[in-house]
Amino acid sequence: MKKQLNFVLSLLVLVGLMSCNNSESSSKQRKGALGSNAAEKVYVAPGEYDEYYAFISGGFSGQLSVYGLPSGRLFKVIPVFSQDAEKAWGYNEETKPMLNTSHGFVPWDDSHHPDISQTNGVVDGRWVFINGNNTPRIAKIDLTTFETTEIIEIPNSAGNHSSSFVTENTEYVVAGTRFSVPIPQRDMPIKDYKGNFKGSLSFISVDPEDGGMDLSFQIMMPGFDYDLAHPGRGESHGWFFFSTYNSEEASTLMEVNASQNDKDFIAAVNWKKAEEYIKEGKGKKMPANYAHNVYDEETHTATSTMKKEVLVLDASELPGLVYLLPTPKSPHGCDVDPSGEYIVGNGKLSANLTIHSFTKMLAAIEAENFDGDAYGIPILKFEDVLAGVVEQAGLGPLHTEFDGQGNGYTTFFISSEVVKWKLGTWEVVDRQPCYYSVGHLMIPGGNSREPFGDYVLAMNKITKDRYLPTGPEVTQSAQLYDISGDKMELLLDFPTVGEPHYAAGIRADIVMKNSKKIFKLEENKHKYAITTEAEARVERNGKEVHVYMSMIRSHFNPDNIEGIKVGDKVYFHVTNLEQDYDVPHGISMIGANTSELLIMPGQTETFVWEPKQVGVWPFYCTDFCSALHQEMQGYVRVSPASSNIELSWSLGED
Amino acid sequence: MSLGALLILGLFVFPLWNITLEAPQYPIPLGMDIYINDFADTHPHDIKNINLMNHYVGMKYIPESIPEFKIFPVVIIVMSILGLLIGIKAGYKWFLVWFSIMAILAAAGIYDFYLWEHDYGHNLDPKAIMKFTNPDGSIMGFQPPLFGTKDILNFTAHSYPQLGAYLMAGGMGLSLLAFFIGRKEKRASN
């Protein structure tokens, strides 16, 4: 009844708003965006939901933030590549293996390009993939839990930048190397780069059932810089396109030396052909060493496995695997339109956009009309593959997305704007400024056959005077434009976590229905889990002590522990026995050299405490869980190493 | 008459009664369905969560099982068989007898439910975390309503019959209807 009343009321409000619009519409033109209804377009009333999820990468924060659009409200920061003390990510015993690499534990990375899994060319909302740029890794975030559940390291790669983009049915998530390196790594002079360094393009298969990732194969390429990538779709499904710069193969003063060639390339990779070559046994097994880290939702624990081999295909030796499309001025973004016909090269030192045609490319390949080769890889003729040029659209084009209505939207870093242009006629139809220096932009569903063409989100590197100042370091930002009309309209700008490097968006209803509320206790297979309070106990094994502890409103069991000694290594394995939505508990121990634990209902997590001082030391619940949250506390008695006090534990004994 | 006797078997499939608790923290309310042989969660883990809430005021846990869960099913089966036999073999006056026995049993059941509710709401742990008193100084009870809706602290409790109860009432109604039809026919034939 209440709901119905609310509905009627909101209808009345809507009617009211609409009639306002009508009366104001004539004056709107003169007042611009501020005089229009921008505010109400982004207003999501208390208790109402946003229309879209936006997964915005944190760049140098190493994480992935979850926002709602159009409101720009932040819901969660998902820890991915960086330790997060708030959620004990990389601090508790369960998740430390997630950050393991061939270089050991790496507690940070630079997270760049999130991409949502697809089925039949449309975003399906099952997983988000994101690349770690610095120590090459690809992570998978499960959108039932909004947690990182898998991280795979990429061998033979450096600066994992042209990543992590998925194919139409999430057959592969693809990762390309930005920095070419000696492959395999070896001790050699840097000046001998040319001809000796190599680039690698990695194809990671994704299990359609459980999403399990496996480094299926790598394609060895000349020593260029592989900058960005996008998959073919529709007719061009089976191909993958990578932009390159530094076809000069320079290794120093790159800003000059890698900018000498008038044209670099977009590399068109035929991955279906790669699969054929592998079937024919043309792939070569190469020794490698890389970590594959998997988080199991039932054991609530991650394991890290070192893999020792990778299957390699050499593009110089295998005809038909890769073709090079000359593209002017060190192209950065490499974007494919929803039909799969047009491949846009955003030549970042140019004022123009170059658009290649997939059909023309196939025809040129068929005619074997080549303009020489690079290390055995055929170079197609620029004029043969060119579909069109968007002339003088702005300065410093970086990235393009599409609205599914026949328009492209390109960011221009130097002239700081988003420019809308028409596919086919290549004419500029609108432009809007960005505040300031826009990098990527995102249309929800943008990397798919069917973008949701309501909004575009521009992500800015610099904000200067846009917000209240916060000392020398100020926030970066995202700006939301309404693109449902002929003209773009700036609706909102909001601060972001870290660098909003790139984002992926999806209609909320596709994802929210799968979001888990709790972990089921009966499915908890953690090695040290307890599912009832009766199982709570403390066990000693030499100097190692294992506390099997439970938490439920509003007490720990046990909450008094005696018989711990200085020099012990105490593992607190804590299970949240709640089975109610949104009732996490936390735990922290005075002086523990680690973070708190924040444990969801039905979950078990572990922290280690090595008491160094005799005394009675308290622990407490860190998440305000209930009316008796302040009473949710306990004590551990720590005796000298020589003490012979028996191990004992209790709850509620007087 | 026979249909009426069969309808009461619906009690084995559908809940008899439901108690639902609403609170600001529970936009999806907590609920318990009462069957003739079980207490069941309306949503998974609801009873566990009701117990968790109630322990703050010293209420006992809702038991896994109560003796009534053994007695009620037997009574219903016996009454159903009896009803069927009466329907096939006996005269219309027996229909009224069956209806009367059912009515007495139902009343007894409701009274039993009330007694349990009263004990559940008033027999509180003396060490309860939170003790509330009524304006007159007596200890506040937390008995859910027998029928209807009632505010208890931050909760609004609803207690209403469910499909099982309606089927039983329908079955009883049919037996009464059968009685009247039988009587009418008898008179007509006289």
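Residues numbered from 1 in each chain as written. Chains lettered and ligands numbered in written order. Predicted model: local features only at pLDDT ≥ 70, side-chain atom pairs only at ≥ 80, totals over all residues. Heavy atoms only, no water.

Trainee: Explain the overall build of chain A residue by residue, including any values.
Mentor: Broken down by element type, chain A carries seven helices and 46 strands. For chain A, the C-alpha atoms occupy an extent of roughly 90 × 70 × 45 Å along the three principal directions. Relative to its 654 residues, chain A shows a buried fraction of 57%. In chain A, once contacts between residues fewer than 6 apart in sequence are set aside, the share between residues at least 24 apart is 62%. If you sum the accessible surface of chain A, you get close to 26,900 Å²; carbon and sulfur atoms cover 53% of it. A distance of 1 Å separates the average location of the 55 positive side-chain charges in chain A from that of its 87 negative side-chain charges. (Helix = DSSP H or I, 4+ residues; strand = E, 2+ residues; numbered from the N terminus. Buried < 20%, exposed > 50% of the residue type's maximum accessible area, 1.4 Å probe, protein only. Contact = heavy atoms within 4.5 Å. Areas by Shrake-Rupley, 256 points an atom, 1.4 Å probe, with all protein chains shown as cover. Lys, Arg positive; Asp, Glu negative; His and termini not counted. Charge placed at Lys NZ, Arg CZ, Asp CG, Glu CD.)

Trainee: A description of the sheet that holds strand E26 (residues 386-390) of chain A should follow, citing residues and the corresponding values.
Mentor: Residue and element names in this part refer to chain A. On the basis of which strands lie adjacent, the open sheet formed by four strands has the order E21-E22-E23-E26 and antiparallel pairing. Each having just a single partner strand, strand E21 (331-336) and E26 make up the two edges of the open sheet. In this sheet, neighbouring strand axes are inclined to one another by 20° on average, regardless of whether the strands run parallel or antiparallel. Bridge count between strand E22 (residues 342-347) and strand E23 (residues 353-357): four bridges; the pairing is antiparallel. (Pairing = 2+ DSSP bridges. Axes fitted to C-alpha atoms, helices over the stretch in contact; angles between N-to-C directions.)

Trainee: An account of the interface of chain B and chain A is requested, with residue identities and associated values reported.
Mentor: Facing the 12 residues of chain B at the interface are 13 residues of chain A. Summing both partners gives a buried area of about 910 Å² for chain B against chain A, and 56% of it is carried by carbon and sulfur. The interface formed by chain B and chain A holds six residue pairs in polar contact (both at pLDDT 80 or more) in total. Taken together, the elements giving at least two residues each to the side of chain B that touches chain A come down to strand E2 (26-34) and helix H2 (46-54) of chain B. Top element by residues in the side of chain B that touches chain A is H2(B). It accounts for four residues. (Buried area = accessible area lost by both parts, 1.4 Å probe. Polar contact = N/O pair within 3.5 Å; in protein donor to acceptor, adjacent residues only side chain to side chain.)

Trainee: Account for the side chain of A:Lys420, with residues named and values stated.
Mentor: All names here are of chain A. By the element assignment, lysine 420 lies in strand E29 (residues 417-422). Here lysine 420 occupies a buried position and makes no salt bridge, while the nearest side chain of opposite charge, aspartate 403, is found at 5.0 Å. Here aspartate 486 takes part through its backbone oxygen, which lies 2.9 Å from a polar atom of the side chain of lysine 420. If we ignore the near neighbours within four places in the chain, the residues touching lysine 420 are Asn407, Gly408, Tyr409, Glu427, Val428, Val429, Asp430, Gly485, Asp486 and Met488. (Salt bridge = Lys/Arg side-chain N within 4 Å of Asp/Glu carboxyl O.)

Trainee: I'd like a rundown of the confidence of the model for chain B, residues and numbers included.
Mentor: Averaged over every residue, the pLDDT of chain B is 91; the share at 70 or more is 100%. Here helix H1 (residues 2-7) of chain B stands out as the least confident element of chain B, with mean pLDDT 87; strand E3 (residues 39-41) of chain B is the most confident, with 95. (pLDDT = per-residue confidence, 0-100.)

Trainee: Can you break down the side chain of A:His356 residue by residue, with the values?
Mentor: All names here are of chain A. With respect to the secondary-structure elements, histidine 356 resides in strand E23. Reaching out from histidine 356, the side chain makes a polar contact with the side chain of threonine 327 at a distance of 2.9 Å. Residues contacting histidine 356, with those up to four places away along its chain left out, are Ile266, Leu325, Pro326, Thr327, Glu341, Tyr342, Ile343, Phe382, Val385, Leu386 and Ala387.

Trainee: Requested: an account of the packing of helix H3 (residues 68-89) of chain B against helix H4 (residues 92-122) of chain B, with residues and values cited.
Mentor: Residue and element names in this part refer to chain B. The N-to-C vectors of H3 and H4 enclose an angle of 170°; their axes lie 10 Å apart at closest approach. In terms of their interaxial angle, H3 and H4 are classed as roughly antiparallel. Taken as a pair, H3 and H4 cross one another with a handedness that is left-handed. Contacts between H3 and H4 involve Glu68, Phe72, Val75, Met79, Leu82, Gly83, Ile86 and Gly87 from the former and Trp94, Phe95, Trp98, Ile101, Met102, Leu105, Gly109 and Asp112 from the latter. In terms of residue class, the contact of H3 with H4 is made up of 11 nonpolar, three polar and two charged. (Parallel < 35°, antiparallel > 145°, perpendicular 65-115°, else oblique. Left-handed = near helix turned anticlockwise from the far one by under 90°. Nonpolar A, V, L, I, M, F, W, Y, C, P; charged D, E, K, R; others polar.)

Trainee: Residue-level account of the pairing of strand E3 (residues 73-78) of chain A, with values.
Mentor: Residues and elements named next belong to chain A. For strand E2 (residues 64-69) and E3, the ladder comprises five bridges, and the chain directions are antiparallel. Within the sheet, the bridge partner assigned to serine 65 lies in E3 and is valine 77. Between E2 and E3, which follow one another and run antiparallel, lie three residues, and glycine 72 among them has a positive phi close to 75°.

Trainee: Requested: an account of the sheet that holds strand E34 (residues 489-495) of chain A, with residues and values cited.
Mentor: Strand pairing within a sheet occurs via backbone hydrogen bonds; the two strands may be parallel or antiparallel. All names here are of chain A. The sheet built from four strands is open, its strands ordered E31-E32-E33-E34 with antiparallel pairing. The open sheet has two edge strands with one neighbour each: strand E31 (438-442) and E34. Each strand of the sheet is rotated relative to its neighbour by a mean of 25°, with strand direction disregarded.

Trainee: Mind laying out the environment of B:Tyr111, listing which residues take part and the relevant values?
Mentor: Along the chain, B:Tyr111 turns up in helix H4. For the pair formed by B:Tyr111 and B:Leu146, sequence separation is 35 residues and the distance between their alpha carbons is 9.4 Å.

Trainee: Report on the packing of aromatic side chains, specifying residues and quantitative values.
Mentor: Applying the stated rule across the entire model yields 38 aromatic pairs over all chains. Centroid distance A:Tyr52 to A:Tyr455: 6.0 Å. Interplanar angle 90°. Geometry classified as edge-to-face. With A:Tyr52 in strand E1 (residues 52-57) and A:Tyr455 in strand E32 (residues 455-460), this pair connects stretches of sequence that are 403 residues apart. By the burial criterion, A:Tyr52 is buried, and A:Tyr455 matches it. Plain terms: the ring middles of A:Phe55 and A:Phe146 are 6.1 Å apart, the flat faces sit at 35° to each other, and that makes the pair tilted. Here A:Phe146 lies in the loop between strand E8 (137-142) and strand E9 (147-153) and A:Phe55 lies in strand E1, a separation of 91 residues in the sequence. Accessibility classification places A:Phe55 together with A:Phe146 in one group, the buried group. Every member of this aromatic cluster is reached through a ring pair, and the members are B:Trp17, B:Phe39, B:Phe69, B:Phe113, B:Trp116, B:Tyr120, B:Phe147 and B:Tyr160. When the ring centre of A:Phe382 is taken as reference, the NZ or CZ atom of A:Lys263 above it lies at 4.7 Å. (Phe/Tyr/Trp six-rings, centres within 6.5 Å; stacked < 30°, edge-to-face > 60°. Lys NZ or Arg CZ within 6 Å of the ring centre and 35° of its normal.)

Trainee: Lay out the pairing of E21(A) with the relevant residues and their values.
Mentor: All names here are of chain A. Of all six residues in E21, six are buried; the element is thus mostly enclosed. Two elements, E21 and E22, share four bridges in a ladder whose sense is antiparallel. For valine 336, the partnering residue across the bridge sits in E22 and is isoleucine 343. In textbook terms, the turn of a hairpin is the stretch between consecutive antiparallel strands, and for E21 and E22 this stretch comprises five residues, one of which, glycine 340, has a positive phi near 90°.

Trainee: Break down a nonpolar patch on the surface for me, with residues and values.
Mentor: Residue and element names in this part refer to chain B. Residues Leu6, Leu9, Phe12, Val13, Phe14, Ile77, Ile81, Leu85, Leu163 and Tyr166 make up a contiguous nonpolar surface patch of about 870 Å² in total accessible area. For the nonpolar patch, the elements supplying multiple residues, two or more each, are H3 and helix H5 (163-189). Residue contributions to the nonpolar patch peak at three residues, all from H3. Its place among the elements puts isoleucine 81 in helix H3. The partly exposed category is assigned to isoleucine 81, whose relative accessible area is 48%. (Patch = residues over 30% accessible without salt bridge, like charges linked within 9 Å, V, L, I, M, F, W, Y side chains within 5 Å.)

Trainee: Could you give me a rundown of empty space enclosed by the protein, with the residues and numbers involved?
Mentor: One way to see where empty space is left: roll a probe the size of a water molecule over the atoms. Residues and elements named next belong to chain A. Tallied over the entire structure, the rule returns three cavities of 30 Å³ or more. For the largest cavity, the calculated volume is near 80 Å³. Asp115, Gly446, Asn447, Ala504 and Gly505 are, among the 15 residues lining the largest cavity, the residues nearest its centre. Contributing elements (two or more residues each) for the lining of the largest cavity: strand E6 (115-119) and strand E35 (503-507). Quantified by volume, the second largest cavity comes out at close to 50 Å³. Ranked by residues supplied to the lining of the second largest cavity, first place goes to strand E27 (residues 397-402) with three residues. Of the residues belonging to the lining of the second largest cavity, the class tally is three nonpolar, four polar and three charged. (1 Å grid on protein atoms, 1.4 Å probe; cavity = no way out; pocket = protein on both sides within 12 Å on 5 of 7 lines; lining within 4 Å. Points joined across faces, edges and corners; volume = space filled by probe spheres on them.)

Trainee: An account of unusual backbone geometry is needed here, citing residue identities and associated values.
Mentor: It is generally the case that most residues other than glycine have a negative phi and that most peptide bonds are trans. Residue and element names in this part refer to chain A. Geometrically, the link from leucine 69 to proline 70 is a cis peptide bond, its omega value of 15° lying close to zero. Inspection of the secondary structure assignment puts proline 70 in the loop between E2 and E3. Residue proline 558 is reached from asparagine 557 by a cis peptide bond, and omega for that bond is 0°. Unusually for a residue other than glycine, asparagine 120 sits at a positive phi of about 50°. Looking at the element boundaries, asparagine 120 is found in the loop between E6 and strand E7 (122-132). Even without being a glycine, asparagine 246 presents a positive backbone phi close to 55°. Examined against the element boundaries, asparagine 246 turns out to sit in the loop between strand E16 (239-245) and helix H3 (254-257).

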